Amino acid sequence: MKFPTISVPFALGQTVATPHVLKVVPKAEIFAALQRHQNCDWGDVCPQDKWANDRAVKGGERLLSVYHSKDGVKFWIITEWDRSATTVLLPEDY
C-alpha cells in the first residue's frame, strides 16, 4: 500500500525543548502545538505577528508561535530562519 505524501509549509529542523517546559507542559500538548505550528496555526500571537509569520514562511524568516497548555501555562515555539532548528520553551527561558 502506498501512503500519500503529506505536505507541510516548512520544515522544523532539529526539534528541541528546554528542561523547564518539559517539566510543566505535558509532552502530548507540546506535540500537538508543534503540529499546529508546522501547519501555520500560530496560536495566540497578535495580528502583527501572525502577518509576519505568514510572510516569513515564504520569505525564510524566523517563526514564533504562542500557545497555552490546558493548565494555562504559556509557551513558545520558535523555528529559526534557516529552518535548521525549532525550540519549544517558556517565555522566561528565552
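Scroll up to find the structure this text is about.
Residues numbered from 1 in each chain as written. Predicted model: local features only at pLDDT ≥ 70, side-chain atom pairs only at ≥ 80, totals over all residues. Heavy atoms only, no water.

Time to look at the environment of Val8. As for its placement among the helices and strands, Val8 is situated in the segment before strand 1 (14-17). The spatial distance from the C-alpha of Val8 to the C-alpha of Cys40 is 9.0 Å, given a sequence separation of 32 residues. Ignoring anything within four residues of it in the chain, the contact list for Val8 reads Gln38 and Asn39. (Helix = DSSP H or I, 4+ residues; strand = E, 2+ residues; numbered from the N terminus. Contact = heavy atoms within 4.5 Å.)

The two faces of the sheet receive side chains in turn, since in a regular strand these alternate between them. A large share of strand 3 (residues 74-79) lies buried, amounting to five of its six residues. Bridge count for strand 2 (residues 63-68) against strand 3 is six bridges, and the pairing is antiparallel. The partner of Ser65 across the bridge, within strand 3, is Ile77. Between the antiparallel neighbours strand 2 and strand 3 lie five residues, among them Gly72 with a positive phi of about 85°. The sheet contact formed by strand 3 and strand 4 (residues 85-89) spans four bridges and is antiparallel. Bridging across to strand 4, Ile78 finds its partner in Thr87. Linking strand 3 back to strand 4 in an antiparallel pair, the connection comprises five residues, with Arg83 at a positive phi of about 65°. (Buried < 20%, exposed > 50% of the residue type's maximum accessible area, 1.4 Å probe, protein only. Pairing = 2+ DSSP bridges.)

Glancing now at the environment of Val24. Counting through the fold element by element, Val24 comes out in helix 1 (residues 19-24). Look at Val24 and you get partly exposed, because its relative accessible area is 34%. Residues Val24 and Gly60 lie 36 residues apart in sequence; the distance between their C-alpha atoms is 31 Å. Once residues within four sequence positions are removed from consideration, Val24 is found in contact with Val73 and Leu90.

Remember that the coordinates give geometry; whether it matters functionally is a separate question.
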